[in-house]
Amino acid sequence: MLDRYKTPVIPLSGRVLEGSGVLTRPASLASSDSVLALIDRGADKQAIILSKRTGRVLLEFGRKGSGPGEFRGPSSIEVDPRSTRTFWVLDAQLRRLTRTKLGQRSFSPKSIDAMVQPLNETYLELRPLSGNRFVGSGVFTNNSRLSIVDSNGMVTSRVGSLPKRPEGVPPSVWQEAQRVHMAVSSSGQRIAVGTRFADRIELFDANGVRLGETQRHFSFEPEFKVGHFSIASGTKGPALAQGDKIRYGYVGLAATDQLIFAVFSGKVRERFRDSGQFGQYLHVFDWAGRPVAVYHLGYGLLAIAVEPDGSRLYGIRHDPEPAVLVYDMPRKK
């Protein structure tokens, strides 16, 4: 399928961030000034701050547990748009958001100020917007794509509608098949939403108004038939079963005020199993939805972050060993 690109695929070489080999099962990644913040689900303390220059671990926090400042199932870490030393960690399992504010002069554990905010819904991703608001994605019981959430963890509005649901497919199953990954522009004014099991990226403003879609390279959708998605009987009712023919689309997004960076897999589970959740292709679009470039990353990446000026991209890989990769992005003439 990847041979059908209508634009040249440019090889892009990345280097391992020295010192990042201490990671075990890294997941979410965020960029802030001179540091990277990430979630490492296999570590004793699951939130880690790394130096961009040396890769050295500057701080670890968030031991496993249910108390204040502890995490049981952290799924994302984000930088607060108003403060480069404040991070938001979403714990999907505990259904809460933790604001972690670091001291101004050091990365000492004693300088951490943590505040826990319970959430009234379960989110898979929650990203800060301008104006002390958040945008969240998850498996909801309604037909919306996203939720806009206030600083108290309450939903203020629903955003976007899903494609028409096939006959016989329960709403919760259809929501899971339409699962997305998100990126917010540097200013917090725009949202890009990439579908995990299709090659669709939708564009919204910070108020949830749909602006359109990016141009699609392949135009495939989740399929409900033997070997693709099917409906199984779960403990809480009908559930989504992922068959061998399932195809992964966008598995990670990042954005600046000018561009959208989307990691694309295109792999079928039958041939690649769990590695299908990692993407080796980077699709770059502008906010008008026009394709700018396609790059081959050399490794399968799970999550990415980007500098505000788009000059450098960071990505998490698991194979051949867990590490953070650094890519210097070509400048467009």
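Structure's up top.
Residues numbered from 1 in each chain as written. Predicted model: local features only at pLDDT ≥ 70, side-chain atom pairs only at ≥ 80, totals over all residues. Heavy atoms only, no water.

Participant: Help me out: how do you make sense of the overall build of the protein in this one?
Facilitator: Broken down by element type, the protein carries two helices and 27 strands. Relative to the 2.2 N^0.38 estimate, which gives 20 Å for 333 residues, the radius of gyration of the protein is 19 Å and therefore close to what a compact globule would have. Summarising its shape, the C-alpha atoms of the protein cover approximately 55 × 45 × 35 Å along the three principal directions. Within the protein, the proportion of its 333 residues that are buried is 53%. Considering only intrachain contacts with a sequence separation of at least 6, the fraction spanning at least 24 residues in the protein is 46%. (Helix = DSSP H or I, 4+ residues; strand = E, 2+ residues; numbered from the N terminus. Rg over C-alpha atoms; globule rule 2.2 N^0.38 Å. Buried < 20%, exposed > 50% of the residue type's maximum accessible area, 1.4 Å probe, protein only. Contact = heavy atoms within 4.5 Å.)

Participant: When you look at the pairing of strand 15 (residues 180-184) in this model, what are you seeing that I'm missing?
Facilitator: Remark: a regular strand shows side chains that alternate across the two faces of the sheet. Most of strand 15 sits inside the fold, with five of its five residues counted as buried. Burial along strand 15 is two-sided: Val 180, Met 182 and Val 184 and His 181 and Ala 183, pointing in opposite directions, are all buried. Of the pairings in the sheet, the one linking strand 15 to strand 16 (residues 190-195) comprises five bridges and is antiparallel in character. For Val 184, the partnering residue across the bridge sits in strand 16 and is Ile 191. The loop that links strand 15 with its antiparallel partner strand 16 comprises five residues; one of these, Gly 188, has a positive phi angle of about 75 degrees. (Pairing = 2+ DSSP bridges.)

Participant: What should I look at first to understand the sheet that holds strand 27 (residues 323-328) in this one?
Facilitator: Remark on secondary structure: sheet strands pair via backbone hydrogen bonds, oriented parallel or antiparallel. Ordered in space as 2-27-26-25, the four strands form an open sheet in which the pairing is antiparallel. Each edge of the sheet is formed by a strand with only one pairing partner; in this case those strands are strand 2 (15-16) and strand 25 (304-306).

Participant: It is not clear to me how empty space enclosed by the protein should be interpreted in this structure. Could you clarify?
Facilitator: Any space left empty among the atoms is revealed by the rolling of a water-sized probe across them. Evaluation of the coordinates by the stated rule reveals one cavity of 30 Å³ or more. There is about 40 Å³ of room inside the largest cavity. In this structure, the largest cavity is lined by Trp 88, Leu 97, Met 115, Gln 117, Leu 119, Phe 134, Asp 150, Ser 151 and Gly 153. Residue composition of the lining of the largest cavity, grouped by class: five nonpolar, three polar and one charged. (1 Å grid on protein atoms, 1.4 Å probe; cavity = no way out; pocket = protein on both sides within 12 Å on 5 of 7 lines; lining within 4 Å. Points joined across faces, edges and corners; volume = space filled by probe spheres on them. Nonpolar A, V, L, I, M, F, W, Y, C, P; charged D, E, K, R; others polar.)

Participant: Can you walk me through the sheet that holds strand 4 (residues 35-40) in this structure?
Facilitator: An order of 3-4-5-6 is seen for the four strands of this open sheet, with the pairing classed as antiparallel. Strands with a single pairing partner mark the edges of an open sheet, and in this sheet they are strand 3 (26-32) and strand 6 (57-63). Sheet twist, expressed as the mean angle between neighbouring strand axes with direction ignored, is 20 degrees. Bridge analysis of strand 4 against strand 5 (residues 45-51) gives five bridges, and the strand direction is antiparallel. In the sheet register, Leu 36 faces strand 5, and the bridge partner there is Leu 50. (Axes fitted to C-alpha atoms, helices over the stretch in contact; angles between N-to-C directions.)

Participant: What is the right way to read the layout of surface pockets from this model?
Facilitator: Roughly 1200 Å³ of internal volume is contained in the largest pocket. In terms of lining, the largest pocket is formed by 48 residues, of which the most central are Ser 28, Leu 29, Glu 78, Arg 127 and Ile 304. Elements supplying a minimum of two residues to the lining of the largest pocket: strand 3, strand 7 (74-80), strand 8 (83-91), strand 11 (125-128), strand 15, strand 21 (250-255) and strand 25. Per-element tally for the lining of the largest pocket: the top contributor is strand 3, with seven residues. Split by residue class, the lining of the largest pocket holds 22 nonpolar, 14 polar and twelve charged. For the second largest pocket, the calculated volume is near 300 Å³. Broken down by class, the residue content of the lining of the second largest pocket amounts to five nonpolar, six polar and six charged.

Participant: Just to check I follow, could you spell out the environment of Val 180 for this structure?
Facilitator: On the secondary structure map, Val 180 appears in strand 15. C-alpha of Val 180 to C-alpha of Glu 202: the two residues are 22 residues apart in sequence and 9.9 Å apart in space. Discounting chain neighbours no more than four positions away, the residues touching Val 180 are Glu 125, Ser 137, Arg 145, Leu 146, Val 193, Gly 194, Thr 195 and Arg 196.

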